[in-house]
Amino acid sequence: MVRSTSAILFVFSTLTHAVAFMPNYVFQFALKEANQAVADSFDGSYTHKDIIREASLRSVARLYERLNPAEIVPGQLTGLDPLTPGTLFSAVYGGGNSSSLTFEEALDQIEMGAAQVDQNPDATSSEARKHFDDEKIREGHGYLRKKRADLIAVLLAEDDDDDDDRSNASSANIRTARRLLGECLLTLQDFYSHTNYVELGRNVPLRGLGLVPAGNIEDLNAISKAHKAACTSCPVSLIWSKCGKEPLCADNVIKTKLNRLTSGYFVYPGDGKDKVKPAGKCSHGAYADSSRMTPPTGGINKSTKNCKESPHFHLHEKAVELARSATESFLENIRETVGDKKFNKLFGLTTIYEKGISLCFVVDTSGSMHNDIASVARRIEQIVQSGRKASRFILVPFKDHSHGISHSPAFGPAFVAKTPEAFRDAINSLRASGGGDCPELALHGLRLALQTCDRRSSIYVFTDASAKDVELKNEIVSLIEEKKSRITFFYTGLSGRPPCGESAAATLYEQISRRSSGQVLTISKAQVATSTVVSFGETGPLSATLLNQVHALKEKNLHRTFIVDCTLASVTISIASEKRVVVTVTDPKGNAWSETNSFVGRVFENPTVGVWILEVEAQVSVTVLVVAATHVDIFDTFVDLDGRAGHPGLFPSQGRPLEETKIKIVISVTGIEEIDEITRIDVVGLDGKVIQKKIGFERGELTSRNTFGVSFTSPSKPFQLKVTGKAKCGGREKSFQRISSVFQPESVRVNPKKDPSGTFDVEFVTTIDTSVTATFDDPDGFGEYEALVLNSSALTENRRRRRRQNPGEKKSFSVTEFVKVGQKLVVKITPVIPATAEIGSVGTITVEASTSNGDSINSATVDIPAVPLVLDEKPPECVVVSNSGGDCDGLTTRTCAERTWSLVVDVTDDGVGLKTVRGLEDEIDVSSEFQHLKDSKKTESVKATVGCCQRRATIQATDSVGNRINCSTINLQPLPILPPTVVPSTSPTVVPSTSPTVVQPTSCPPSRCESCGIECIPGEKCSDGFRQRFFSLFWQIAYDKPKFEVPPQNQTTVIDTLYRSFLLHSDTDSSDIRRAPKPQLCRLVRAVRQRDACAEELCPCFFSKPDIGHGLLWDDWSSCLVSFISSE
């Protein structure tokens, strides 16, 4: 087979700067196409994608171990082999009960964020700090700290609904946070690849890197002096010609008494003639680093296992190990700073207790629906009952403003319920009125629904009218592509009202539904509540598409097959048409099912594995949709092969692909453990016909084994990718198939890129010579614009047009230029943050491009975070002004719940401004809202209300970038101990000698809990089941969850988790897991005491060991408590 050299030339021509760990598996796309032998020399090399994925999996595994101690013991998840998203979620939720899809999508966005650091091809050595190159080690540390502060600010500004821990991947803050996290992790990992930290023999990551001031890190105060040599030469003749498995350049770093840090210099064409590696300094040593041949020759990078690319290739795995460990620590720091809920959103996690998606309903409430509202309500009730458990139910009504009469509101607001019962009340309260002429604001309602629902949710639209707001169509399509929601229209139409334009309405709704892999059910009003119920509640992460086709049948009947594999729990078949059709479904055993109707739907539970046959007898257009409940699915990412010099990679591409051009798509498979292999990938049209057979694909390496890269020429019409392979079914291989989302090629493309200066270059290219109109919707005024038309070959400027706007000015920018094939229209966006913007908020600029005839439209978004220009390192200050603890005088442990006391604290921040003030202990109510403070010093007076049973109160203040301080802790005197209760003595029971001895339960021991304010009541008996009650009560108190039964083998895990929870609510260093503050232990013991009379048995465990400082050694406390629960 003759291989093209163009791809390998691309790869190695770009290897001209700072090869760190490669961004991702670029070689599967380019290098293997060009030279298999060269590609093989990179086998086993870890990329940033691999390291991020492995570290993230371990971090999330530890999080789930901590959140679910009743069922998971320490190490149970982190020790999984292999540890993949699929095996992790299967262990947490049970096989087939949950999908890792949203988690894997989040990982993909984080990994792409890391890759984007290297995307701009015009980057120069000014970027050295991002990679710790050129001995820019302290600068790199400062850059990483600033990026982390930006990440924290964006996460803290994200809405935090206490009742909703689920991910909202469409949130601009979450999108931006994932990109920023990727940028942080790339820089962090490059430290271990580019510096001599590994060569110094260090076996643990550099503590505090990117987290604390450089002065607090000893190694950052011992960096090679500018005039001191750091490396010696490697034999030039050995660098390239004879390198192999044995390192030939292993000892070229000069050892110093202080073990000083250094890093390699990199000289590449973008630096010009002015940059020269200083005398005696190390080179990076990559293939295209011209300094590698200048004494001292060679280099020190450990980025790959390729000896010609990485002179210290023999240390690659050690660098990877440290980078992975450092990444885990960095992620844990982020979680501790922002909390579990925001961390869950960052990684697209559902909570351990809650699974599900949104079911969303958009209902026409205009006057013409007066007689239909009851039917619609019944239909919605059927869908809710037949669909799988959803975590949210959303209702969006809409009608119209017409004839100058306002029927307010015309659409919305969105009602959100978390239970079917609350949602049922909202549905039953719907009333139809107004509306005027026939067309209604259907797309306004649908847009609000898309903005409110979760990703991959089901949306049902009920209407009898066309849409008068057709101008929103393109925005609706963009939201569909972003949210991946499936939209089903129940369209009853209206006869005799020409203004409605029924055919136009049906066409519009069909176009929208097709882009969402949904359907339009054209039915009569009488059929709304009576036709067959099919719930597409499986649209979420537990679903997959097997068929999604549109057929314009004239004289032919339809015959289609689809494959059911062993991972499918159910299959839903839906056929929709304008007239009655006959549908027959036959399973692999020959069992047939048939129905005649205009809408035919059926759910098959536990379907037979094998090939199913679907036949439709009709001479009208029909849409065919087959979806399945499964955790094995595919998701796709449109990518470009791009990158700055030395860092080729696959970078995310927004919008839709260009028609009839070479495109690249990465397909990721969830639940890959259930798949034996992928055998072929075809490009198919919406009619089901194959456009391109068996397109070539490459599988990712190492931890990216669930990814497949495909490269092909895009067609000019909508298409899907059909993935076929073999599933593992009880040791037997069975075929499986999945269908991707719908791709709509366009003749114009939008591609935003961020350059090193912080500006964005938004490129518009076309496949035809045409006039292009570029529109920028900037509602919050975050941008300043400049338009250029460039020849893509020479990048010479033809025309320039500039438009500035005042920061915060809510205006759109638009430019129209004639763009020829080979040219590109470039609009530069310079971020300008409005003074009124909240720190951490994100301004989203929506970019839309259209051709002169309006036939082709494409879009993208640019997210600009409002973050401080300089790093704010100073935490807030706080002073306790007063406390009214005396209000609790005279109370006891039994009466303390009757009163409260208050605490007044003055909190000051002279940096970015306060974000939150909260009480660390339970039963503390802090009510405060803060205005954004910028470049000004202001004091906020905060009042905290504390229950008298709570004898300790600590107020914590946090600013907008995560700097925090714990104000002085107030401790009240212990509550008085009540006198012991006198219990009359009882005579012992006489037991005949021939009977078994009856062992009486022991009485409570003498109290050792006085310092907790807990009284022991002698004579009360403790039942044999007290240990089990102890855990159940602790669980309720600590997590406010129902009782649970703790298996004996997991009781130690519960102890460990409770102990760590004390640390998280204490004023001690939360990184020191060896201590627990006594007052916090007392608080929980006292809480248990209030619910169970025998809690005093626990007190010796807390206080029998000598104190060390203000707490107990974990080993002592753990051993005591384990002994207690294990005793008979």
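In what follows, the structure referred to is the one given above.
These remarks concern the structure in this document. (Residues numbered from 1 in each chain as written. Predicted model: local features only at pLDDT ≥ 70, side-chain atom pairs only at ≥ 80, totals over all residues. Heavy atoms only, no water.)

Bringing the sheet that holds strand β37 (residues 955-959) into the picture now. Taken in spatial order, the three strands make up an open sheet running β33-β37-β38, and their pairing is antiparallel. Across the chains shown, the open sheet's two edge strands, defined by having one partner strand only, are β33 (914-919) and β38 (964-966). On average, each strand axis in the sheet is tilted by 15 degrees relative to the strand beside it, whichever way the strands run. Pairing between β33 and β37: five bridges, direction antiparallel. What sits directly across from Leu914, in β37, is Asp959. (Pairing = 2+ DSSP bridges. Helix = DSSP H or I, 4+ residues; strand = E, 2+ residues; numbered from the N terminus. Axes fitted to C-alpha atoms, helices over the stretch in contact; angles between N-to-C directions.)

So, on to helix α16 (residues 473-483). Those residues of α16 that fall on the buried side of the exposure criterion are Ile476, Val477, Leu479, Ile480 and Lys483. For α16, the angular spread of buried residues about the axis comes to 160 degrees, placing them on one side. Positive backbone phi, at 55 degrees, marks Lys484, one or two positions downstream of α16. (Buried < 20%, exposed > 50% of the residue type's maximum accessible area, 1.4 Å probe, protein only. Arc of directions from axis to C-beta.)

With that settled, consider the sheet that holds strand β35 (residues 938-947). Across the sheet, which stays open at both edges, the four strands sit in the order β31-β32-β35-β34 with antiparallel pairing between neighbours. The strands lining the two open edges of the sheet, one partner per strand, are β31 (877-883) and β34 (924-926). Pairs of neighbouring strands in the sheet enclose a mean axial angle of 25 degrees, with direction left out of account. Here β31 pairs with strand β32 (residues 900-909) via six bridges, running antiparallel.

Here Ser433 lies in the loop between α14 (420-428) and α15 (442-452). A relative accessible area of 36% means that Ser433 is categorised as partly exposed. Apart from the residues within four sequence positions on either side, Ser433 is in contact with Thr365, Ser366, Gly367 and Lys399. (Contact = heavy atoms within 4.5 Å.)

To continue, consider the packing of aromatic side chains. Throughout the structure, instances matching the rule amount to 26 aromatic pairs. With a centroid separation of 5.8 Å and 20 degrees between ring planes, the pair formed by Phe89 and Phe103 is classed as stacked. On the criterion of sequence distance, the pair formed by Phe89 in helix α6 (residues 85-93) and Phe103 in helix α7 (residues 101-116) is long-range, its members being 14 residues apart. In this structure, Phe89 and Phe103 share a single accessibility class: buried. With a centroid separation of 5.0 Å and an interplanar angle of 10 degrees, the aromatic rings of Tyr785 and Phe813 are classed as stacked. Taken together, the positions of Tyr785 in strand β25 (residues 783-791) and Phe813 in strand β27 (residues 811-819) put the pair 28 residues apart, joining distant regions of the chain. With a relative accessible area of 1%, Tyr785 lands in the buried category. By relative accessible area, which is 3% here, Phe813 ends up buried. Positioned over the ring face of Phe604 is Arg602, at 4.8 Å from the centre of the ring. (Phe/Tyr/Trp six-rings, centres within 6.5 Å; stacked < 30°, edge-to-face > 60°. Lys NZ or Arg CZ within 6 Å of the ring centre and 35° of its normal.)

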